[in-house]
Each structure stands twice: as C-alpha cells, then as structure tokens.
Amino acid sequence: MDTYGSFSLFRGLGPTTAREAVYTGGYLGISPVIAHHLVEKTPEGIDDDGHRHPIFGNNPFLARIAGARIGGSFAAIASHPDECAKTFVQSDMTTYKWPNTRVAVFRGEVEGGMGKMWNGLGPR
C-alpha cells in the first residue's frame, strides 16, 4: 500500500468483472439446458435385467451434476482470455509493461499471438 497506493487494490477490476460476467452468465445459462438435454435426449442404456432405459432419464440429479460440469467447462473456456488480461495487468504493479487492460490484450496478442491469451487454460 505504501509503494503503490490504495488504488492498486482495484488494478485489474475491469477484466475481473468481465470474466465473472461471462463465466457466471455462461455457467448459469448453459448448465440447465445441458441437464435438460441429458434427461430428454440421451440414448438408452441397458440395465442388469436387460431392460432399456434412458441413461439420465431416471436420475435427473445426476444429469444436473453432469450439466453443471459441462457448462462450467464451456464457461471457463469462454472467460479465459479475460482471466489472462487480468493476470497481465495485476502482475505489473509498476504499470510499465501492462498499464491497462486494453494494452494487455493488444500487447499480449502481438507478443505471443492470440494463443498467449489461452495460456494456462489446461490447469484452469
């Protein structure tokens, strides 16, 4: 705080807000749709007695869990460039290389190509 001031706490707030908006909107929007699709349209499986039944049709709770995992993965992919921009901005408190989000996005693309904005997607 003494070196960078109290406004340093808000560094990267713009891309953080954008990331959360994309992630939350995507996650909450697509997860129920996927769960519904899994319950209604999945192929039938065969149980131990040889009866055919929908895989998720008898267990909507399991379909909601699967829908949440799939939806969360899609949302994480969609919000990842914002995450990288936030990390670039927050990593340079001196504002020398990454003074703001716009510079972080454009310089990130110039230095490493668009692929640089996708670094770290695997662990996320």
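See the structure above.
Overview of the structure.

About the criteria used
Residues numbered from 1 in each chain as written. Predicted model: local features only at pLDDT ≥ 70, side-chain atom pairs only at ≥ 80, totals over all residues. Heavy atoms only, no water. Helix = DSSP H or I, 4+ residues; strand = E, 2+ residues; numbered from the N terminus. Expected span 1.5 Å × (residues − 1). Bend = angle between axes of the 7 residues up to and from the residue. Phe/Tyr/Trp six-rings, centres within 6.5 Å; stacked < 30°, edge-to-face > 60°. Contact = heavy atoms within 4.5 Å.

## As for helix α2 (residues 60–91)
Because the α-helix completes a turn every 3.6 residues, residues three or four places apart line up on one side.
Thinking step 1. Its 32 residues give α2 an end-to-end C-alpha distance of 43 Å, which sits within 8% of 46 Å, the value for a rise of 1.5 Å per residue.
Thinking step 2. Bending of α2 peaks at approximately 45 degrees at the position of Ser-79, with proline Pro-81 no more than four residues after it.

## Comments concerning the packing of aromatic side chains
Thinking step 1. Applying the stated criterion across every chain, the model contains 2 aromatic pairs.
Thinking step 2. A centroid spacing of 5.8 Å and a plane angle of 5 degrees characterise the contact between Tyr-23 and Tyr-27, whose relative ring orientation is stacked. On the criterion of helical spacing, the pair formed by Tyr-23 and Tyr-27 is a turn pair, its members being 4 residues apart in helix α1 (residues 13–41).
Thinking step 3. Pairing Phe-88 with Trp-98 gives two aromatic rings, centres 4.6 Å apart and planes at 10 degrees, and the pair type is stacked. Residue Phe-88 is located in helix α2, and its partner Trp-98 is located in the loop between α2 and α3 (101–112); the two are separated by 10 residues in the primary sequence.

## Describing the environment of Glu-40
Thinking step 1. Within the secondary structure layout, Glu-40 lies in helix α1.
Thinking step 2. Separated by 16 residues in sequence, Glu-40 and Phe-56 place their C-alpha atoms 8.0 Å apart.

## A closer look at the side chain of Arg-19
Thinking step 1. Structurally, the position occupied by Arg-19 is in helix α1.
Thinking step 2. The residues contacting Arg-19, other than those within four sequence positions of it, are Ser-79, Asp-82, Glu-83, Lys-86 and Arg-124.

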